[in-house]
Amino acid sequence: MSIRATNQADVIPLRPLPAAVPAPPREPLWRDLVGEVLRRERQYQGRTLKDVAEAARISVPYLSEVERGLKEASSEVLAAAAQALGLSLADVLAVAGERLVSLKAARSRSRSLGPSAAGGRRPVRSTGPAGSVGAMRPSGPMGGVLLAA
């Protein structure tokens, strides 16, 4: 037996390793949602990044980063990109808002929100009829959501 073999020992854990707990899905970022809306609309129209970037007067790499959620674009840049796609800024934001609400609903369905699961806090309450948070209303060619402060 070699010296190296005699210096190795079996390791016996004192307590079992904890089972891997899956991390809860992360809250989607607004820039991801807005970028997704811009990219889907551009692809739906069959247009290239170069075409839309030129029409919006922004660089191709910057538009690509906005679409991928890597850059937090200003409202001026978002409005220019939306206009280049034939949309209003309100259209883009409304569709992103709808996506955020649908993701929130899917997350709520996948887990129960009892007081212990929510850390003792009450869940955010959505309000009621038209004219309030989450109320649907048309806002251009893509429909939309009215968001109130």
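Everything discussed here concerns the structure shown above.
So, a few notes on the structure that sits alongside this text. (Residues numbered from 1 in each chain as written. Predicted model: local features only at pLDDT ≥ 70, side-chain atom pairs only at ≥ 80, totals over all residues. Heavy atoms only, no water.)

Next up on the list: the overall build of the chain. Helix and strand counts for the chain come out as six helices and two strands. Counting from the amino terminus, the chain carries its helices and strands in the arrangement α-α-α-α-α-α-β-β. The 149 residues of the chain split such that 26% are buried. Here the chain has roughly 10,900 Å² of accessible surface; of this, 59% comes from carbon and sulfur atoms. (Helix = DSSP H or I, 4+ residues; strand = E, 2+ residues; numbered from the N terminus. Buried < 20%, exposed > 50% of the residue type's maximum accessible area, 1.4 Å probe, protein only. Areas by Shrake-Rupley, 256 points an atom, 1.4 Å probe, with all protein chains shown as cover.)

This brings us to unusual backbone geometry. A positive phi angle is found at Arg57, which is not glycine, with a value near 60 degrees. Within the element layout of this structure, Arg57 appears in the loop between helix H3 (49-56) and helix H4 (60-67). Here Arg57 falls in the exposed class, since its relative accessible area comes to 77%.

Packing of helix H2 (residues 30-44) against H4 brings their axes to within 7 Å, and their N-to-C directions diverge by 115 degrees. Here H2 contributes Arg31, Gly35, Glu36, Leu38, Arg39 and Arg42 to the contact with H4, which in turn contributes Ser64, Val66 and Glu67. Classifying every residue of the contact of H2 with H4 by side-chain character gives two nonpolar, two polar and five charged. (Axes fitted to C-alpha atoms, helices over the stretch in contact; angles between N-to-C directions. Contact = heavy atoms within 4.5 Å. Nonpolar A, V, L, I, M, F, W, Y, C, P; charged D, E, K, R; others polar.)

The topology assignment puts Glu72 in the loop between H4 and helix H5 (75-84). C-alpha separation for the pair Glu72 and Val34, spaced 38 residues apart in sequence, amounts to 9.5 Å. What Glu72 contacts, discounting residues up to four positions off in sequence, is Arg31 and Tyr62.

Before going further, it helps to examine H5. Taken together, the buried positions of H5 are Val77, Leu78, Ala80, Ala81, Ala82 and Ala84. On its buried side, H5 packs onto H2, H3, H4 and helix H6 (89-110). Looking one or two places after H5, you find Gly86, whose phi comes out positive at around 80 degrees.

Looking now at the pattern of salt bridges. Two side chains of opposite charge can pair, provided their charged atoms sit close to one another. The full count for this structure, using the stated rule, is seven salt bridges. Of the charged contacts, one joins Glu36 and Arg40 as a salt bridge, the two residues approaching to 3.6 Å between their closest N and O atoms. Taken together, the residues Glu36 and Arg40, both in helix H2 and four residues apart, mark about one turn of the helix. Assessed through its relative accessible area of 24%, Glu36 is described here as partly exposed. The residue Arg39 makes a salt bridge to Glu67 at a minimum N-O spacing of 3.1 Å. (Salt bridge = Lys/Arg side-chain N within 4 Å of Asp/Glu carboxyl O.)

In short, the description is geometric, and any link to function would need to be established separately.
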